[in-house]
Amino acid sequence: MKEILKLGFVLSVFAVVSCFALAVVNNLTAPRIAAHKASQTAAGLKVVFTGADSFEAVTDFEKSVDTTTIMEVYTAMKNGEKAGTVVKATGPTYDKVVILIAWDNNKKITGVKFLENTDSPGFGQKASEESFYGQFTGIDGSKPVVMGTDFEAISGATITSKGIEKIINNALEGIK
């Protein structure tokens, strides 16, 4: 009995030390990770809406539409006037993605950029390639984007393609 209590105590000490070490590492790396994500978003804004001079964060928006979470919204400004909107959204695909979707004042999509894609290596990761996401540029976003009509799905990654279609449509619908 004494041996079991000793082993339990030793295991508890290792668990406490490990948790403390993880907490310290998390506190040290969290600001760097947040800064990296912010710079990644800032660079992505310029890619999806190349004609904008600046971007202003919008604070009053619906945070979720169906299964899509709208993380951030920006107003694209050109010469001091609104030129369009950019949405940072996430939702389920085969796993999940975080994407920027931009459209001008006429709801014409000006660009899509993947910031994160945790789908399966191989097929699902092809969504992050320009040959896929480049198809969305120029699509009329005033009506739902339809796979097979407006863009071609990734062969072997239909779930990813349908998920992206849903995220884009929910973002366009959620931000009017």
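What this report covers is the structure whose coordinates are included nearby. (Residues numbered from 1 in each chain as written. Predicted model: local features only at pLDDT ≥ 70, side-chain atom pairs only at ≥ 80, totals over all residues. Heavy atoms only, no water.)

1. Some remarks on the overall build of the chain
Stage number 1. The helix and strand inventory of the chain stands at three helices and six strands.
Stage number 2. When the helices and strands of the chain are read in sequence order from the N terminus, they spell out α-β-β-β-β-β-β-α-α.
Stage number 3. Here the chain has a C-alpha radius of gyration of 21 Å; the compact-globule value for 176 residues is 16 Å, and the former is much larger.
Stage number 4. Projected onto its principal axes, the C-alpha positions of the chain cover 75 × 40 × 25 Å.
Stage number 5. By residue count, 37% of the 176 residues in the chain fall in the buried class.
Stage number 6. Restricting the contact set of the chain to residue pairs at least 6 apart, pairs at least 24 apart contribute 46%.
Stage number 7. Carbon and sulfur atoms provide 59% of the accessible area of the chain, an area that totals close to 10,400 Å². (Helix = DSSP H or I, 4+ residues; strand = E, 2+ residues; numbered from the N terminus. Rg over C-alpha atoms; globule rule 2.2 N^0.38 Å. Buried < 20%, exposed > 50% of the residue type's maximum accessible area, 1.4 Å probe, protein only. Contact = heavy atoms within 4.5 Å. Areas by Shrake-Rupley, 256 points an atom, 1.4 Å probe, with all protein chains shown as cover.)

2. Regarding helix α3 (residues 158–174)
Stage number 1. With 17 residues, α3 extends 24 Å between its outermost C-alpha atoms, agreeing within 8% with the 24 Å of an ideal straight helix rising 1.5 Å per residue.
Stage number 2. Taken residue by residue, α3 has Thr-160, Ser-161, Gly-163, Ile-164, Glu-165, Ile-167, Ile-168, Asn-169, Asn-170, Ala-171, Leu-172 and Gly-174 as its buried positions.
Stage number 3. Those residues of α3 that are buried lie in contact with β2 (64–65), β3 (68–78), β4 (81–92), β5 (96–104), β6 (109–117) and α2 (130–133). (Expected span 1.5 Å × (residues − 1).)

3. Things to note about the nonpolar core
Stage number 1. Grouped together as the largest cluster of nonpolar side chains are 28 residues, with contacts concentrated most on Ile-101, Phe-114, Phe-132, Phe-136 and Ile-168.
Stage number 2. Elements with a contribution of two residues or more to this core: β3, β4, β5, β6, α2 and α3.
Stage number 3. Counting residues per element, this core draws most heavily on α3, which supplies five residues.
Stage number 4. Residues in contact with Ile-101, not counting those within four places in the same chain, are Thr-85, Val-86, Val-87, Ala-89, Gly-111, Val-112, Ile-167, Ile-168 and Ala-171.
Stage number 5. Leu-45, Tyr-74, Val-98 and Leu-100 belong to the second largest nonpolar core, which has 12 residues in total. (Core = buried A, V, L, I, M, F, W, Y, C linked by side-chain atoms within 4.5 Å.)

4. What about the side chain of Lys-88?
Stage number 1. Tracing the backbone through its elements, the reader meets Lys-88 in strand β4.
Stage number 2. Taking relative accessible area as the criterion, Lys-88 reaches 8% and is therefore assigned buried.
Stage number 3. A polar contact of 3.0 Å, which involves the side chain of Lys-88, links it to the side chain of Thr-41.
Stage number 4. With residues near it in sequence (within four places) discarded, Lys-88 still touches Thr-41, Thr-69, Ile-70, Met-71, Glu-72, Val-98, Ile-99, Leu-100 and Leu-115. (Polar contact = N/O pair within 3.5 Å; in protein donor to acceptor, adjacent residues only side chain to side chain.)

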